[in-house]
Amino acid sequence: MHSPTKHIAESTVRRLSLYLRFLEEFEARGQTTVSSGELARSGGTTSAQVRKDLSFFGSFGKRGLGYGVRDLLTSIREILGLEQPWPVIIIGAGKIGAALAQYRGFTSRGFHVVGVYDSDPAKVGMQLGALSVRADRDLERDIAEHKPRMAVLAVPAEAAQPIVDRIVAAGISAILSFAPAPLHAPEGVKIRAVNMATELEILAYSLTHP
């Protein structure tokens, strides 16, 4: 396997994430090999697309024999950077933040929530699973101690940008935001926004234009 020498489209990375989930299901069922056709059917794409996606990163499998499930699982985890644990902090302990803090799927993917923060004194000290909500004034100190590179924002729109400024200055370089607001960060800091309304609008379009 080798690193890609050119920019890889986000759609390709999204499909790799899907392939990873399907491969885990195949492995759980005791399946040792899988064809590009099986991966394609699971992911709603084509065999050619599966082979093209994987070809960006090296040569996998053998013609006529398919891919070894465990070997391909290991390779895709490495491609996605999941061979190492990722400490993550969550800022905002409202309904979304609290639900995310207790989501067990993060740990199974290698994402370990090491802190949950809120500015509301009524929420500070609240227990969310194994974590106790901390005051957001502790952010900088805790980031310096635990060195997370990722943060999840689940705060109101007006609070989002000031928080981004603080955590980026403290060393965070990747942010997943549920805040309904445009956010700005220096070059090199990645921000992904999850807009629930937009996702529902896309679903509405798909139902209106099947």
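Refer to the preceding data block for the structure.
Note that the structure is predicted; figures quoted are calculated from it, not measured.

Student: Got a minute to help me understand the pattern of salt bridges in this structure?
Tutor: Working definition: two side chains of opposite charge can pair if their charged atoms are close together. Going through the model one piece at a time under the given rule, you end up with 13 salt bridges. Between Arg109 and Glu24 there is a salt bridge, and its shortest N-O distance comes to 2.6 Å. Placement of the pair is Arg109 in the loop between helix H6 (105-108) and strand E4 (111-118) and Glu24 in helix H1 (residues 10-28), with a sequence separation of 85 residues. Look at Arg109 and you get buried, because its relative accessible area is 17%. Its salt-bridge partner being Glu140, residue Arg166 comes within 2.8 Å of it at the nearest N-O pair. Of this pair, Arg166 sits in helix H8 (residues 157-170) while Glu140 sits in helix H7 (residues 139-146); the two residues are 26 residues apart in sequence, bridging distant segments of the chain. Among the ionic contacts, a cluster of salt bridges with common partners joins Arg134, Asp138, Arg141 and Asp142.

Student: Can you walk me through the packing of H7 against H8 in this structure?
Tutor: Between two packed helices, what matters for the description is the angle formed by their axes and the separation of those axes. Axis separation between H7 and H8 bottoms out at 9 Å; the angle between their running directions is 35°. By crossing handedness, the relation of H7 to H8 is classed as right-handed. Side by side, H7 and H8 meet where Leu139, Glu140 and Ile143 of the first sit next to Ile163, Arg166, Ile167 and Ala170 of the second. Its residues assigned to classes, the contact of H7 with H8 shows five nonpolar, no polar and two charged.

Student: Sorry, what's going on with the nonpolar core here?
Tutor: Nonpolar side chains in soluble globular proteins generally cluster together in the buried interior. In terms of nonpolar packing, the biggest core is built from 21 residues, with Leu23, Phe26, Val34, Leu39, Leu54, Leu72 and Ile76 touching the most fellow members. With six residues, the single largest contributor to this core is H1. For Phe26, the contacting residues outside a window of four places in its chain are Gln31, Val34, Glu38, Leu39, Ser42 and Val69. Membership of the second largest hydrophobic core comes to 18 residues, among which are Leu139, Ile163, Val164 and Leu183.

Student: What is the right way to read the packing of aromatic side chains from this model?
Tutor: The description of two aromatic rings rests on the distance between their centres and on the angle between their planes. All told, the structure shown has one aromatic pair when counted by the stated rule. Each ring, one from Tyr103 and one from Phe106, has its centre 5.0 Å from the other, and the planes form 85°; the classification is edge-to-face. Classification of Tyr103 by relative accessible area gives partly exposed; the value is 49%.

Student: Would you take a moment to explain H1 for this structure?
Tutor: An α-helix turns once per 3.6 residues; consequently, residues spaced three or four apart project the same way. Taking 1.5 Å as the rise per residue, H1 with 19 residues should run 27 Å; its terminal C-alpha atoms sit 28 Å apart, in good agreement. All of the buried residues along H1 are Thr12, Arg15, Leu16, Tyr19, Leu20, Phe22, Leu23 and Phe26. On the buried face of H1, the contacting elements are strand E1 (33-34), helix H2 (36-43), helix H3 (47-55) and helix H4 (69-79).

Student: In this structure, what is going on with unusual backbone geometry? I would like to understand it.
Tutor: Excluding glycine, a negative phi dihedral is what most residues carry, and trans is how most peptide bonds are arranged. One non-glycine residue, Lys147, lies in the positive phi region at around 55°. Tracing the backbone through its elements, the reader meets Lys147 in the loop between H7 and strand E8 (150-153).

Student: Please clarify how the sheet that holds E4 should be interpreted in this entry.
Tutor: Taking strand neighbours across the sheet as the criterion, the six strands line up as E7-E4-E3-E8-E9-E10 in an open arrangement whose pairing is parallel. Bordering the open sheet on either side are strand E7 (134-135) and strand E10 (190-193), each of which pairs with just one other strand. Alignment of E4 against E7, held across two bridges, turns out to be parallel. Note that in E7 the partner of Asp118 across the bridge is Ala135. In this fold H7 packs onto strand E3 (86-91), E4 and E7, with an angle of close to 170° to the strand it touches most, E3.

About the criteria used
- Residues numbered from 1 in each chain as written.
- Predicted model: local features only at pLDDT ≥ 70, side-chain atom pairs only at ≥ 80, totals over all residues.
- Heavy atoms only, no water.
- Salt bridge = Lys/Arg side-chain N within 4 Å of Asp/Glu carboxyl O.
- Helix = DSSP H or I, 4+ residues; strand = E, 2+ residues; numbered from the N terminus.
- Buried < 20%, exposed > 50% of the residue type's maximum accessible area, 1.4 Å probe, protein only.
- Axes fitted to C-alpha atoms, helices over the stretch in contact; angles between N-to-C directions.
- Left-handed = near helix turned anticlockwise from the far one by under 90°.
- Contact = heavy atoms within 4.5 Å.
- Nonpolar A, V, L, I, M, F, W, Y, C, P; charged D, E, K, R; others polar.
- Core = buried A, V, L, I, M, F, W, Y, C linked by side-chain atoms within 4.5 Å.
- Phe/Tyr/Trp six-rings, centres within 6.5 Å; stacked < 30°, edge-to-face > 60°.
- Expected span 1.5 Å × (residues − 1).
- Pairing = 2+ DSSP bridges.

Nothing here speaks to function; it is geometry throughout.
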